[in-house]
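Here is what each chain is made of, one letter per residue.
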Amino acid sequence: MTKSRKLLSIVMIVALLISAFALCVSADAEVAEAAGPKLYGTIVSLLPPVIAIALALITKEVYSSLFIGILVGGLMASDFSPIGMIDTALKAGIVSAVEGTAGIFVFLVVLGIIVAIMNKAGGSYAFGKWAEKNIKSKTGALLATFALGVLIFVDDYFNCLTVGSVMRPVTDVHKISRAKLSYIIDATAAPICMIAPISSWAAAVSKYAEDAGVNGLDLFIQAIPYNFYSLLTIVYVIALSIMKFDYGSMRLHEVNARAGDLYTCGEKNESAEVTPSAKGRIYDLVIPIVLLVVICVVGLIYVGGFFGTDAWGGTDYAGDFIGSFGNTDATIGLPWGGLIALVAIIIYVLARRVLTFKEAMSCIPQGFIAMVPAILILTFATALKNMTGELGATAFVEGVMENTAAGFANFLPAIIFLVACGLAFATGTSWGTFGILIPIVVAIFPIGSELGTIGISACLAGAVCGDHCSPISDTTIMSSAGGQCNHINHVSTQIPYALSVAGISFVMFIISGFVQNVYIVLPLGIILTVAFLFVMKQIMAKKYGKDNI
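The structure displayed is predicted, hence computed values, not measured ones.

1. Quick notes on the overall build of the protein
And then number 1: Each helix and strand in the protein was counted, giving 24 helices and zero strands.
And then number 2: Evaluated residue by residue, the protein yields a buried proportion of 55% over its 549 residues.
And then number 3: Taken as a whole, the protein presents about 22100 Å² of accessible surface, with 68% of it coming from carbon and sulfur.

Quick look at the structure:
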């Protein structure tokens, strides 16, 4: 069966399933008419993202898969009206997605331009040559990529694109596949931001927690030691790099990379070849990156009100670094800082005379073009999230959690972790997931209790895990863009690794429900993670031979 026929068959099956649901709902005449769609707040509200994700993984084509998911969501949200489907998909979906993420689009384009300038100025080329001489091994290249990801903990978008642009020359030299590079980038984006008190993620968690009536930053810091998924992902990446093996579909990509093929399959998301300036030096990469980091941090605290008045006219956080960071909005602060940094970087390369003004300006369309795939996927993914909102996925999850709470107190952290994983995977948003679940967790557990802290950690860990696995997650999309990897390749190679850590984390949340002592459960989780990888290496060596893993 050809790919097109397979896709058509799947779409027809999906249409029949939806029609069956529609007939069931329409046939129930005794149910009072709801304020929203007839399927509002039911398990079917999660169907559009499930369809989109399944199609993407089967067909290896992300744009049409996401678009079909949007149309299915529009059809369901409009109670199966064809005209209503188009109206809902456009207004509540795509147009709303563009409005809500316009700031991130600007930041993406700015980062693309900055990367193009660094490449043209020769900074990336010089760094690659330095790394070729000083980073001697593949393990060293992987750990260097990991270390840079840890250092850039302020924001996951910023992390993904910056780490990718800096480390691609290094990983290419050591024949590391783009799928493996994108995994390392993704593994040091959201998981690192989720355990960094000064990050956009900490700010978001703090806001949601304060809305629920507790001290947000204190709660975030207390939850860090029990955030098994984030912490064990760090252990997992380091151990995997040192043990020098891979499994699942990642192994095929790495075997091919050793033979010179960094992509294995799919389109090569490589930026256009440029001839770097012969005057370029390593500091022509370092200085622009430092400028970008510093100015973006200033932009974030400026928007949060550190310098007097925040973006909304308030003055509560004047002179308060932590408070202003918690009050910021990354969709405003990052473009603010990025645009100023871009001007500063252009002035720098002109003053250094590594580029002419005309050459610098030619990087603007190059940077924009490089980010078009990421912007398209992000637009469609955000529109799909909006469709799940229109269908009341949040109401369904709230109902499930409230019904589960009674009688399962010690198992609740593990249950919360699974629910958060599923919701974040289906909706592609970790922020939306803990925005839904934090108020529920706070209401279920006594404030300040150890079990309550574990419950919050499970919520945050599950949100990161689901986000890490989901093809429609913005962080996953940014990691593909940062590693210049085919998006579906990145998703399919990353899922076995993410699920491995998720399985260990699930076991640890079960244990933590009964053994509420981080000094026991966290070391146990680390031991289990390393032991799992040791066993997997033995299995792979037995199957393929020690020299072919």
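Resuming the write-up.
2. Remarks on empty space enclosed by the protein
And then number 1: With the rule as written, the count across this model stands at one cavity of 30 Å³ or more.
And then number 2: As for the largest cavity, its lining consists of Leu111, Ile114, Val115, Met118, Leu161, Thr162, Ser165, Ile289 and Leu292.
And then number 3: When residues of the lining of the largest cavity are traced back to their parent elements, those giving at least two are helix 4 (82–121), helix 7 (156–173) and helix 14 (283–303).
And then number 4: Broken down by element, the lining of the largest cavity gets its largest block of residues, four residues, from helix 4.
And then number 5: Residues of the lining of the largest cavity, tallied by class, amount to seven nonpolar, two polar and no charged.

3. Re the packing of helix 19 (residues 412–427) against helix 23 (residues 487–514)
And then number 1: Close contact between helix 19 and helix 23 brings their axes to 7 Å; oriented N to C, the two are set at 150°. Here helix 19 lies roughly antiparallel to helix 23, going by the angle between them. Our pair here, helix 19 against helix 23, has a crossing hand that is right-handed. Residues Pro413, Ala414, Phe417 and Leu418 of helix 19 form the contact with helix 23, whose own contacting residues are Ala502, Ser505, Phe506, Phe509 and Ile510.
And then number 2: Across the contact of helix 19 with helix 23, the residue classes tally to eight nonpolar, one polar and no charged.

4. Considerations on helix 20 (residues 430–444)
And then number 1: Compared with the 21 Å implied by 1.5 Å per residue over 15 residues, the 20 Å span of helix 20 between its first and last C-alpha is a close match.
And then number 2: Of all the bends in helix 20, the greatest, near 30°, is centred on Leu437, and the proline Pro439 appears no more than four residues after it.
And then number 3: The complete set of buried residues in helix 20 reads Ser430, Thr433, Phe434, Gly435, Ile436, Leu437, Ile438, Ile440, Val441 and Val442.

5. Here we look at the state of the cysteines
And then number 1: Enumeration according to the criterion identifies zero disulfides in this entry.
And then number 2: Between Cys469, a cysteine without a disulfide, and Cys465, which holds the nearest cysteine sulfur, the sulfur-to-sulfur distance is 4.5 Å.
And then number 3: Looking at Cys469, the relative accessible area reads 6%, which means it is buried.

6. A word on the packing of aromatic side chains
The geometry of an aromatic ring pair comes down to the distance between the two centres and the angle between the two planes.
And then number 1: By the definition in use, this model includes 14 aromatic pairs.
And then number 2: Here the aromatic rings of Tyr302 and Phe307 are separated by 6.4 Å at their centres, their planes lie at 40°, and the arrangement is tilted.
And then number 3: Judged by centre distance (5.2 Å) and plane angle (80°), the rings of Phe411 and Phe514 are edge-to-face. Here Phe514 lies in helix 23 and Phe411 lies in the loop between helix 18 (393–405) and helix 19, a separation of 103 residues in the sequence.
And then number 4: Members of the aromatic cluster, joined through ring pairs, are Tyr183, Tyr236, Phe245, Tyr247, Tyr497 and Phe532.

7. Some words on the nonpolar core
And then number 1: Counting 156 residues, the largest nonpolar core has Ile117, Tyr229, Phe245, Phe417, Phe434, Ile438 and Leu460 as the members making the most contacts within it.
And then number 2: Ranked by residue count, the leading element in this core is helix 4, at 18 residues.
And then number 3: Among residues more than four places away in sequence, those in contact with Leu460 are Met194, Val205, Phe220, Ala223, Asn227, Phe434 and Ile438.
And then number 4: Ranked by size, the runner-up nonpolar core spans nine residues in total, among them Leu39, Val44, Ile51 and Leu391.

8. Concerning unusual backbone geometry
Trans is the common state for peptide bonds, and a negative phi is the common state for residues other than glycine.
And then number 1: Residue Asp79 is not a glycine yet carries a positive backbone phi of 55°.
And then number 2: Topologically, Asp79 is positioned in the loop between helix 3 (62–77) and helix 4.
And then number 3: Of the residues examined, Asp79 reaches a relative accessible area of 34% and is grouped as partly exposed.
And then number 4: At Lys175, a position not held by glycine, the phi torsion is positive, near 55°.
And then number 5: Locating Lys175 in the fold gives a position in the loop between helix 7 and helix 8 (178–187).
And then number 6: The exposure class assigned to Lys175 is partly exposed, which follows from its relative accessible area of 41%.

9. As for the environment of Ala189
And then number 1: Mapped onto the fold, Ala189 is located in the loop between helix 8 and helix 9 (190–193).
And then number 2: For Ala189, a relative accessible area of 0% gives the class buried.
And then number 3: Each C-alpha atom, one on Ala189 and one on Gly149, is 6.7 Å from the other, the two residues being 40 residues apart in sequence.
And then number 4: Contacts of Ala189, omitting those with residues within four sequence positions, involve Asp156, Asn159, Cys160 and Thr475.

10. Overview of a nonpolar patch on the surface
And then number 1: A cluster of nonpolar residues, Tyr283, Val286, Ile287, Val290 and Val294, forms a patch on the protein surface that exposes about 400 Å² of accessible area.
And then number 2: With respect to the element layout, Val294 can be found in helix 14.

11. Focus on helix 23
An α-helical segment advances 3.6 residues per turn. Residues three or four places apart therefore align on the same side.
And then number 1: For helix 23, spanning 28 residues, the distance from its first C-alpha to its last is 40 Å, which sits close to the expected 40 Å at 1.5 Å a residue.
And then number 2: Taken as a whole, helix 23 carries its principal kink of about 35° at Gln494; the proline Pro496 stands between one and four residues after it.
And then number 3: With a side-chain oxygen lying 3.1 Å from the backbone nitrogen of Ile488, the N-terminal cap of helix 23 falls on Asn486.

Parameters at a glance
- Residues numbered from 1 in each chain as written.
- Predicted model: local features only at pLDDT ≥ 70, side-chain atom pairs only at ≥ 80, totals over all residues.
- Heavy atoms only, no water.
- Helix = DSSP H or I, 4+ residues; strand = E, 2+ residues; numbered from the N terminus.
- Buried < 20%, exposed > 50% of the residue type's maximum accessible area, 1.4 Å probe, protein only.
- Areas by Shrake-Rupley, 256 points an atom, 1.4 Å probe, with all protein chains shown as cover.
- 1 Å grid on protein atoms, 1.4 Å probe; cavity = no way out; pocket = protein on both sides within 12 Å on 5 of 7 lines; lining within 4 Å.
- Points joined across faces, edges and corners; volume = space filled by probe spheres on them.
- Nonpolar A, V, L, I, M, F, W, Y, C, P; charged D, E, K, R; others polar.
- Axes fitted to C-alpha atoms, helices over the stretch in contact; angles between N-to-C directions.
- Parallel < 35°, antiparallel > 145°, perpendicular 65-115°, else oblique.
- Left-handed = near helix turned anticlockwise from the far one by under 90°.
- Contact = heavy atoms within 4.5 Å.
- Expected span 1.5 Å × (residues − 1).
- Bend = angle between axes of the 7 residues up to and from the residue.
- Disulfide = S-S within 2.5 Å.
- Phe/Tyr/Trp six-rings, centres within 6.5 Å; stacked < 30°, edge-to-face > 60°.
- Core = buried A, V, L, I, M, F, W, Y, C linked by side-chain atoms within 4.5 Å.
- Patch = residues over 30% accessible without salt bridge, like charges linked within 9 Å, V, L, I, M, F, W, Y side chains within 5 Å.
- Salt bridge = Lys/Arg side-chain N within 4 Å of Asp/Glu carboxyl O.
- Polar contact = N/O pair within 3.5 Å; in protein donor to acceptor, adjacent residues only side chain to side chain.

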